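Chain and residue survey
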Amino acid sequence: VTTGKRPVILVVEDNEVTRKMIRVALEGGGYSVLEAGEGRAAIDLASRHRLDLVIQDLRLPDMEGTALVVRLRNLPGSAEIPILALSGLHSEEGRARGLYADFSDPLQRKLLALNLGAAGFQVVPAGDGAAAIEEAKRSRPDAVVSDVLMPGMDGFRLCAALRQETALAEVPVVLVSASYVEEADRQLARSMGADALLTRTPDSRGVVDTLRDVLLRGHAGRADPPADATGAPYAERVLLQLDRQLQLGHGLARRLALREAQLAFLSATAEVTARSDDETQLVRQLLERGLDAAGLSHGGVYLAEPDGTLALRAEVGGFGAGGVALKSLPDGRRLVRAAFTADEPLVIQRDQTDSAAVFAASNLVSAVLTAIVSEGSRLGVLWMASEHREIGEDGGVFAKVAALQMGAALALSRAFTRVNAAEAKYRAIFEHASEGIFRTDREGRVVTANPACAGLLGWESADVLTQQAPDLGSLFADPLQAAEFMRRLYDRGSVTAFEARLHGRSGHARWAIVSARALLDGEGDTTGYEGVLVDLSERKRADELRELEAARRQELELKSRFVSQMSHEIRSPLAVIHQFVSILADGLAGDLTPDQRQCLDIVGRNVSQLRGLVDNLLESARLESSRLTVTPGSMDLGAQILQAVEACRPAARAERILLTVSLDPALPAVHADPQRVTQVVANLLDNALKFTPAGGTVTVHVAASETGSVQVDVADNGTGIPLDEQEHIFEHLYQGTGAAQLSRRGLGIGLALCRELIVRQGGRLWVQSEPGSGSTFSFTLPTAGAIASRAATGDQR
Amino acid sequence: MSQRKILIVDDDADLRLGLSIRLRASKYAVVFAADGTSAVAMAQSERPDLILLDLGLPAGDGFHVLERLHAIPRLAVIPVVVITARDAEEARDRAFGLGAAAFLQKPVDNTVLLTTLEEVLRA
C-alpha cells in the first residue's frame, strides 16, 4: 500500500532558526521535511500532502497549538498522523507539556508501519492494547505486531487477551521492544502466547522477516495455556522493566531536555541578537535565556578586552551565598582564567577537593565554566551552576553550545554596531556636508538630496526637493549649459567640475561647480546618476569684490598719478610766477611805486596759497592711494610743537595775532611720526591764523589727557564754524556755504588730510566751534607707554 | 674771490630767465642748458661751480644727467642742487642716491634757494 518513499514530516514552528535546525536534523535522519511557520500554513500543507508525522510548536502566531492538533485531526485521512508537540520551552508550562507529549511511541509505531508497508504488508494501526483488540476483532488481521511497553494494556497482556478471543486465538503475534530484550523476557512473551519478542531496530528488518516466517508457518500454537497475566514471572519482569524504564526514561528525558534546551537557546539567541543594541543588555539576556533553557538558577558571563582585562561582567544569582560574584570568591579568578584558556568545558563539583575553596562560601553544588569563542578568538567565559543537582556531561555540552552561540551573537552584535556606527557617520557626512550631494533615478530625476543640495537650489528642504524630483537638466539656468552637461554625462559617464549657473527654485540663480557620474549595475547599465554641487556664489561674490577693490585702487592710482602730474604742471608755471614776482618785489627789475608793491604783494600771497593748495592736493591723492606713509615711533611731542609754533610766529606777528603755547612740563613721550605730527600742527595753526582777525589770539595747549594719550588743542577766537558745517570741513575738497571763502583760503583738503594722519597714528581729531567766538581743533596721540603695554598684552587693536 | 658760476639746467625758458636774474643779483655767474645732453656738455665746457638741475628734461631727464655726471670723475665733483616740480617724496631719495647735494621743490622760496646754494658751495 505504500510507495516506498521517504517518510514525510511536517514541521510547524514559528521560529525560523529552530525550524531549520529541526529540518536539518530530520533530513540527516533520512526524512523528507515540509515546513510551516504558522497554523494555517500547516493545515494547508497537511490537506495537500500525505504526511507521516507532524512536529509542532505549541505556541504559534496565529492559533493555539492545541487548536492546530484538533484541526489536523479533523482533516480527512489525517486522524492517524502522529503529532509530536514541541513547546517553545521558554515557559514552565510549555516545558511540562512538551515533556508529557508522547514522543517515542507514535513515532516508532509510525516507523514500524512505514517499514511494514514498504515490505508489502497492509498495516492497520492501533494506539494502545485496548484499541488493538477492538481493531483486531473488526479487521481480522493476518498478524499482530505490537510494542511491549504501552500505556494501559502492555504488549504481554495484549497477547494474553488476544488468546482469550476465539476468533483471534490463532493470529500470530510478534512483540517488539527496545526494553524487554533479555532471555527471561522472551520466555515470558512465549508463555503469554506471543510468536516472537524482537528487539526494536530502526529498519524493522527483524519484524519483517519474522512476520513473513510466522505467516508462512502459521501460528506456532502452544502446549500450555497462556500464562496468567497477573502471575509472578510477569510481575517480576514488569517491575524489573519499570525500574529499568525509570532509569532509561531519565536518561532519555535528559537527552531530550538537552536537545530541547539547545534549540530553545538557539531561538532565543536569534531573537535577542536582533533586538538588542547594547552589549551589556545582550549578554544579560543571553545569559538568562541560557539559564532558563538549562533549567539553572545561577550563572554569569565575563567578557575580556583584547588585552585580557575584564570588559564586562553579568551574573544571575551570583556564585557565592548572597549573590557574591564568582571572581570575588577564593579561587574564583583562577577558575575563570582556566576556563578562558581551556578547550573543553570545566565541570566542578562541591565534593571535589580541588574546587573546595570556591564552593566554601557558596550554596551551589555544581558548576560548569566554558570559554566564549567566536571565530577562533576568545571573548570571555560563561559559567552556569546549580544549587540542587550535579551538572554532568550534558550540562557541559549544553554550556559549550550556549557559549558558542553567545560568541556568535556577540560577534554579530559587534558587527551590527560597527555597521550602524559607520552608517551614522556617513549619514552625518551626507546631512552636514557643505557640498550639495544628490542622486537621480535612471531617468535623471533627483530622488535623493542632502540639505545643502536643497539649500543651494533654493528648496525649503531636501524632502520637498526629492518629492518633486526635478529633472537634473532642469537645475541649470542656462539651457545651453544644461544640454552640454547632459551630453557630456551621457557620452563619458561622468562630468567633473562643470561650472554652471543653477536655476534656483525661487528664481534666484547660483553659480556652482557640478560634478556627476553615472551609476552602473553589474551589467553596465545605468541605474542613475550621483553628483556633487559646490556653491560658487560666495566665491563669485568675493571675486567680484576683489575686482571692484582692484578697480577702485586702479582708479585711485590713476587719480593720484593725474593729481601728481597736474601738480607738476601747475608748479612749474607757479615757480616762474613766484620767481618773477619776487624779482619785481625785490627791485631787481627796477624800483616800484607803493601801489605797484601792494599789487605785487597780493599776487605773491595768492601764489603762496596756490602752492599750498597744490601740496595738499598731492598729499591727499597720495593718502587715498595709500602711498602716504606714516612711520610712528616714540617722539618728543613738545619739541615738535614748539618748532611748528616758531615757524608760524612771523605770520602771526604780521597779522598782529598773539600766539601762545602752554606745554605740560611732565608730558610723556608719544608714539607718532614727527614729520606727520608737524604737518598736522602746522596745518591747524595755519588755519587758525587765517580765520583769526588781526589782534586776536591763537593758543596751543598740550597736556596728557585720558589715560594713555596726549591731547593737543589749537584754539582761536576767530570767526568760528557754523554747527552744520563742522563735520563737512573734514571732507575732501569740501565746498560748503562759505565755499568761496574757505576754498580761497585752502581749508578743505588740509583738514581731511590732518584727520586721516592722526587716525593713522591711533588718535582722534575733532573740532568744537561757536560762530563768532572762535574754534578749537583738538587731536590726541597715544603715549609710547600705552603702545608698549598694548603690545605686551597682545592687544592687536 | 672770483665770481662763482652756476649752470642752470631747465627746459622752461621763463624759469631760466627768472632764476638767472635772481642769481645774477646775488653775484653769481650763470650759464644755461635746456636738456639733458647739453647739460652734460655745458658742464664739460663751462666747468661750473654748481649745477642747478631740473628733473623733467628732454633728451635725458635729470636723473640721467646725474648718472652721467657721476660717471665722469672731473664732473662728479661738481655739486648738484636738484630743483623740481615733481612729487618730492619719491624724487628726493632717488636724486640723493645719484649724488645730488640738495633737493628743492618748485616753486622754491628765494631765501631758501640762495641759502641752499651758499651752503652747498661752502661745503
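To keep things clear, this report deals only with the structure shown in the data block. Predicted model only: the values in this text are computed from it and were never measured.

Turning our eyes to something else, we now look at the overall build of chain A. When you go through chain A residue by residue, the secondary structure sums to 24 helices and 24 strands. Counting over 797 residues, chain A shows a buried share of 44%. Put simply, of all contacts in chain A between residues at least 6 apart along the chain, 61% involve residues at least 24 apart. Surface summary for chain A: the accessible area is close to 40,600 Å², and the carbon and sulfur share equals 53%.

Turning next to the packing of helix α1 (residues 13-25) of chain B against helix α6 (residues 110-122) of chain B. Residues and elements named next belong to chain B. One way to put it is that α1 packs onto α6 with a least axis distance of 11 Å and a crossing angle of 60°. On the basis of their axis angle, the class for α1 and α6 is oblique. In terms of crossing hand, the pair formed by α1 and α6 is right-handed. Residues L19, R22 and L23 of α1 lie in contact with α6, whose contacting residues are N110, L113, L114 and L117. Class assignment of the residues belonging to the contact of α1 with α6 gives a composition of 5 nonpolar, 1 polar and 1 charged.

This brings us to the sheet that holds strand β5 (residues 102-105) of chain B. All names here are of chain B. Spatially, β2-β1-β3-β4-β5 is the arrangement adopted by the 5 strands of the open sheet, whose pairing is parallel. A strand with exactly one partner marks an edge of an open sheet, and here the two such strands are β2 (29-33) and β5. When strand polarity is set aside, the average angle formed by the axes of neighbouring strands in this sheet is 20°. Direction of pairing for strand β1 (residues 5-9) relative to strand β3 (residues 50-53): parallel, over a ladder of 4 bridges. By the bridge assignment, L7 is partnered in β3 with I51. Against the sheet, helix α2 (residues 36-46) makes contact with β1, β2 and β3, and its axis sits at roughly 145° relative to β2, the strand it touches most.

Turning next to the pattern of salt bridges. Residue and element names in this part refer to chain A. Following the criterion strictly, the structure yields 31 salt bridges over all chains and no others. The salt bridge partner of R378 is D343, with a shortest N-O separation of 2.8 Å. Within this pair, whereas R378 is found in strand β12 (residues 377-386), its partner D343 is found in the loop between α12 (332-341) and β10 (346-349), the two being separated by 35 residues in sequence. For R378, a relative accessible area of 30% translates into the label partly exposed. For R488, the salt bridge identified is with E484, shortest N-O distance 3.0 Å. Of this pair, R488 and E484 both sit in helix α17 (residues 479-492), separated by 4 residues, roughly a single helical turn. Using a relative accessible area of 23% as the deciding quantity, one classes R488 as partly exposed.

Rules used in this analysis
- Residues numbered from 1 in each chain as written.
- Chains lettered and ligands numbered in written order.
- Predicted model: local features only at pLDDT ≥ 70, side-chain atom pairs only at ≥ 80, totals over all residues.
- Heavy atoms only, no water.
- Helix = DSSP H or I, 4+ residues; strand = E, 2+ residues; numbered from the N terminus.
- Buried < 20%, exposed > 50% of the residue type's maximum accessible area, 1.4 Å probe, protein only.
- Contact = heavy atoms within 4.5 Å.
- Areas by Shrake-Rupley, 256 points an atom, 1.4 Å probe, with all protein chains shown as cover.
- Axes fitted to C-alpha atoms, helices over the stretch in contact; angles between N-to-C directions.
- Parallel < 35°, antiparallel > 145°, perpendicular 65-115°, else oblique.
- Left-handed = near helix turned anticlockwise from the far one by under 90°.
- Nonpolar A, V, L, I, M, F, W, Y, C, P; charged D, E, K, R; others polar.
- Pairing = 2+ DSSP bridges.
- Salt bridge = Lys/Arg side-chain N within 4 Å of Asp/Glu carboxyl O.

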